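One letter stands for each residue in the lines below.
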Amino acid sequence: LKRLYVYTNQINGTIPRELGNCSSASEIDLSENDLTGFIPKELGQIPNLWLLHLFENLLQGDIPRELGQLKQLSKLDLSINNLTGTIPVELQNLQSLENLQLFDNHLEGIIPPLLGLNSRLQVVDMSMNNLVGSIPAQLCRYHTMMFLSLGSNNLSGNIPHGLKTCRSLETLMLGDNLLTGSLSIELSKLQNLSALELFHNRFSGFIPPEVGNLTNLERLLLSGNYFFGNIPSEIGKLVKLVAFNVSSNRLSGGVPHELGNCVKLQRLDLSGNLF
């Protein structure tokens, strides 16, 4: 057995531990079923496994630390389950990992700081959990990262310095957390960014005019923070902008007429400010 695809059915029951004996398996996809119980630690015994998709089931319990033994694993998707506990630090050993999706579970604790040692990560989605603590700086230091979503957790602290090195980043979603500090002009270095979502946090200070350098930006969502001062006229440079939301802040000074240059704008929300 090299490939096991049994996704999008109505299979229930538990994942058999005997799958760990399939030493030649490279791909296992049991997603979109009704599987329950724990993820067998025996899956960590499959030496050539590079794809493990178990998303959208009813799985529970901890993520087995034995999964960190899968040296060839490139794609790990455990999202939309009922997983609990912390993210095991052993995931730092997955040096081939490119796509990690753990969103919509009940995971808690901190994001392991050593997770960022993997230099191949392209997609990381840990949103909609109960994660706390700060965003590890290591997650923001790799040229390969294209999609980073940590929204809807209880993360705190500042956006780490060094984010500017993620030159491939297209989507940054940190909304609905407890993040603080101001927006660094480092963000203006992310020329490929198409979505910047920082809503419902505790950011403060001015919206830096350098945000106008993000000429590929389509979504800029900053609502529900403590930003003050003017909306920078440089926003008018974002000609691809489709959604711009700065509602429920402390902005003043009126609406810059340069905003009229955003001809693709479909959603504009400026409510709940001091204009």
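Residues numbered from 1 in each chain as written. Predicted model: local features only at pLDDT ≥ 70, side-chain atom pairs only at ≥ 80, totals over all residues. Heavy atoms only, no water.

Trainee: What should I look at first to understand the sheet that holds strand β16 (residues 178-179) in this one?
Mentor: The 4 strands lie next to each other as β10-β12-β14-β16, forming an open sheet whose pairing is parallel. The open sheet has two edge strands with one neighbour each: β10 (108-109) and β16. Sheet topology note: the strand β12 (residues 130-133)/strand β14 (residues 154-157) ladder contains 2 bridges and is parallel. Bridge pairing in β14 places Val 132 opposite Asn 154. (Pairing = 2+ DSSP bridges. Helix = DSSP H or I, 4+ residues; strand = E, 2+ residues; numbered from the N terminus.)

Trainee: Explain the nonpolar core here, please?
Mentor: Counting 73 residues, the largest nonpolar core has Met 126 and Leu 220 as the members making the most contacts within it. Excluding anything up to four places from it in sequence, Met 126 contacts Ile 87, Leu 100, Leu 102, Phe 103, Ile 111, Leu 115, Leu 131, Ser 149, Leu 150 and Asn 153. (Core = buried A, V, L, I, M, F, W, Y, C linked by side-chain atoms within 4.5 Å. Buried < 20%, exposed > 50% of the residue type's maximum accessible area, 1.4 Å probe, protein only. Contact = heavy atoms within 4.5 Å.)

Trainee: How should the environment of Asn 225 be read in this particular structure?
Mentor: With respect to the helices and strands, the residue Asn 225 is situated in the loop between β19 (219-221) and β20 (226-229). Separated by 46 residues in sequence, Asn 225 and Leu 179 have C-alpha atoms that sit 9.6 Å apart. If near-sequence neighbours (up to four positions away) are discounted, Asn 225 is found in contact with Leu 198, Phe 199, His 200, Asn 201, Arg 202, Phe 203, Ser 248 and Asn 249. Of the polar contacts made by the side chain of Asn 225, one reaches the backbone oxygen of Leu 198; its length is 3.1 Å. (Polar contact = N/O pair within 3.5 Å; in protein donor to acceptor, adjacent residues only side chain to side chain.)

Trainee: Which parts of the structure should I look at to understand the pairing of β14?
Mentor: The two faces of the sheet receive side chains in turn, since in a regular strand these alternate between them. Here β14 pairs with β16 via 2 bridges, running parallel. Residue Gly 157 lies in a different strand from β16, and its bridge partner there is Leu 179.

Trainee: Looking at this structure, how should I read the sheet that holds strand β22 (residues 250-251)?
Mentor: Strand pairing in a sheet relies on backbone hydrogen bonds, with the paired strands running either antiparallel or parallel. Read from one edge of the open sheet, 3 strands run β18-β20-β22, paired in parallel fashion. Each edge of the open sheet carries a strand with a single partner, namely β18 (204-205) and β22.

Trainee: Quick question: what am I supposed to make of the environment of Ile 135 here?
Mentor: Among the structural elements, Ile 135 can be located in the loop between β12 and β13 (147-149). Separated by 132 residues in the primary sequence, Ile 135 and Arg 267 have C-alpha atoms spaced 29 Å apart. Setting aside chain neighbours within four positions, we find Ile 135 in contact with Leu 150, Leu 155, Ser 156, Pro 160, Leu 174 and Leu 179.

Trainee: Honestly, the packing of aromatic side chains in this entry has me stumped. Any pointers?
Mentor: The geometry of an aromatic ring pair is captured by two quantities: the separation of the ring centres and the angle between the planes. Inspection of the entire model under this criterion finds 3 aromatic pairs. Ring geometry for Phe 203 and Phe 227: centres 6.4 Å apart, planes at 10°, overall stacked. Remark: Phe 227 occurs in strand β20 and Phe 203 occurs in the loop between β17 (195-197) and β18; sequence separation between them is 24 residues. Pair check on accessibility: Phe 203 and Phe 227 agree, each one buried. Between Phe 206 and Phe 228 the ring centres are 4.9 Å apart and the planes differ by 65°, which places this aromatic pair in the edge-to-face class. Here Phe 206, found in the loop between β18 and β19, pairs with Phe 228, found in strand β20; they are 22 residues apart in sequence, far enough to count as distant. For Phe 228, a relative accessible area of 37% corresponds to the partly exposed category. (Phe/Tyr/Trp six-rings, centres within 6.5 Å; stacked < 30°, edge-to-face > 60°.)

Trainee: Is there a simple way to explain empty space enclosed by the protein in this structure?
Mentor: Once rolled over the atoms, a probe with the size of a water molecule shows which space is left empty. In this structure the tally under the stated criterion is 1 cavity of 30 Å³ or more. By volume, the largest cavity is sized at about 70 Å³. Leu 183, Ser 184, Ile 185, Leu 187, Ser 188, Leu 196, Ile 207, Pro 208, Glu 210, Val 211 and Leu 214 are the residues that line the largest cavity. (1 Å grid on protein atoms, 1.4 Å probe; cavity = no way out; pocket = protein on both sides within 12 Å on 5 of 7 lines; lining within 4 Å. Points joined across faces, edges and corners; volume = space filled by probe spheres on them.)

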